[in-house]
Amino acid sequence: MARTRRPVVAGWFTDDTVPEAELRLLGTRCTACASVFFPREDDWCRNPGCPGGGELAEVPLSPRGRVWSSTDSRYRPPAPYVSDPDAPWEPYTLVAVELAAEAMVILGQAAPGVSTADLAVGTEVEVVPGVLNEDEEHTWTTWNWRPVDQERREERS
């Protein structure tokens, strides 16, 4: 039986069945002040300087950005992430990525196999699909950051 693919959080990214090059995080932009938000904001503009009266429209965010900061995570993350308390803990890498066009920094998990040694400040990264967890019925999908040249490095190995 095939597993049903489900995003960990609906609305965080485009359908992960699109080609990898088309995957985008989804944010919202205020039509009054042009502020962009991620995760999405569906109720009101969070910019205190906004003149108000704007609508919030869904926008795909830049697929690439530059590492602003990274660190190894040494704790079990909160929901929606899944972590079996009986399984040995595997640290993972967190990456803060600056999206210049949106004038924002987004925190996310690095793709499997990417460590802080791969992520100097300024390294260009791209958003790629990821799998957070699987059970007998579902594959829980997410997104990760990967250095732009990571795929080429893996092909040469």
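Relevant structure appears above.
Residues numbered from 1 in each chain as written. Predicted model: local features only at pLDDT ≥ 70, side-chain atom pairs only at ≥ 80, totals over all residues. Heavy atoms only, no water.

Visitor: Break down the environment of Ser73 for me, citing the residues and quoting the values.
Guide: Tracing the backbone shows Ser73 in strand β5 (residues 64-73). The exposure class assigned to Ser73 is buried, which follows from its relative accessible area of 2%. Ser73 sits 20 residues away from Thr93 along the chain, and the two C-alpha atoms are 5.8 Å apart. Once you skip the residues sitting within four places of it in the chain, Ser73 turns out to touch Trp89, Pro91, Tyr92 and Leu94. (Helix = DSSP H or I, 4+ residues; strand = E, 2+ residues; numbered from the N terminus. Buried < 20%, exposed > 50% of the residue type's maximum accessible area, 1.4 Å probe, protein only. Contact = heavy atoms within 4.5 Å.)

Visitor: Pulling in residues and values, what's your account of the sheet that holds strand β7 (residues 104-109)?
Guide: Pairing is mixed across the open sheet formed by 6 strands, whose spatial order is β1-β9-β8-β5-β6-β7. Lying at the two open borders of the sheet, with one neighbouring strand each, are β1 (4-7) and β7. On average, each strand axis in the sheet is inclined to that of its neighbour by 35 degrees, with strand direction left out of account. Bridge count between β1 and strand β9 (residues 138-147): 4 bridges; the pairing is parallel. For Thr4, the partnering residue across the bridge sits in β9 and is His138. (Pairing = 2+ DSSP bridges. Axes fitted to C-alpha atoms, helices over the stretch in contact; angles between N-to-C directions.)

Visitor: I'd like to hear about the nonpolar core, residue by residue, with values.
Guide: Nonpolar side chains in soluble globular proteins generally cluster together in the buried interior. Counting 23 residues, the largest nonpolar core has Leu25, Phe38, Leu61, Ile106, Trp143 and Trp145 as the members making the most contacts within it. Going through the elements one at a time, β6 (92-99), β7, β8 (124-134) and β9 are the ones with two or more residues in this core. When neighbours within four sequence positions are excluded, Leu25 is seen to be in contact with Trp12, Phe13, Phe38, Val59, Pro60, Leu61, Ile106, Val127, Trp143 and Trp145. (Core = buried A, V, L, I, M, F, W, Y, C linked by side-chain atoms within 4.5 Å.)

Visitor: I'd love a proper account of the sheet that holds strand β2 (residues 26-30), names of residues and values included.
Guide: Pairing is antiparallel in the open sheet, where 3 strands are placed in the order β3-β2-β4. Strand pairing shows two members of the sheet lacking a second neighbour, β3 (36-37) and β4 (56-60), which therefore form its edges. Across 2 bridges, β2 lies against β3 in antiparallel orientation. The partner of Thr28 across the bridge, within β3, is Phe37.

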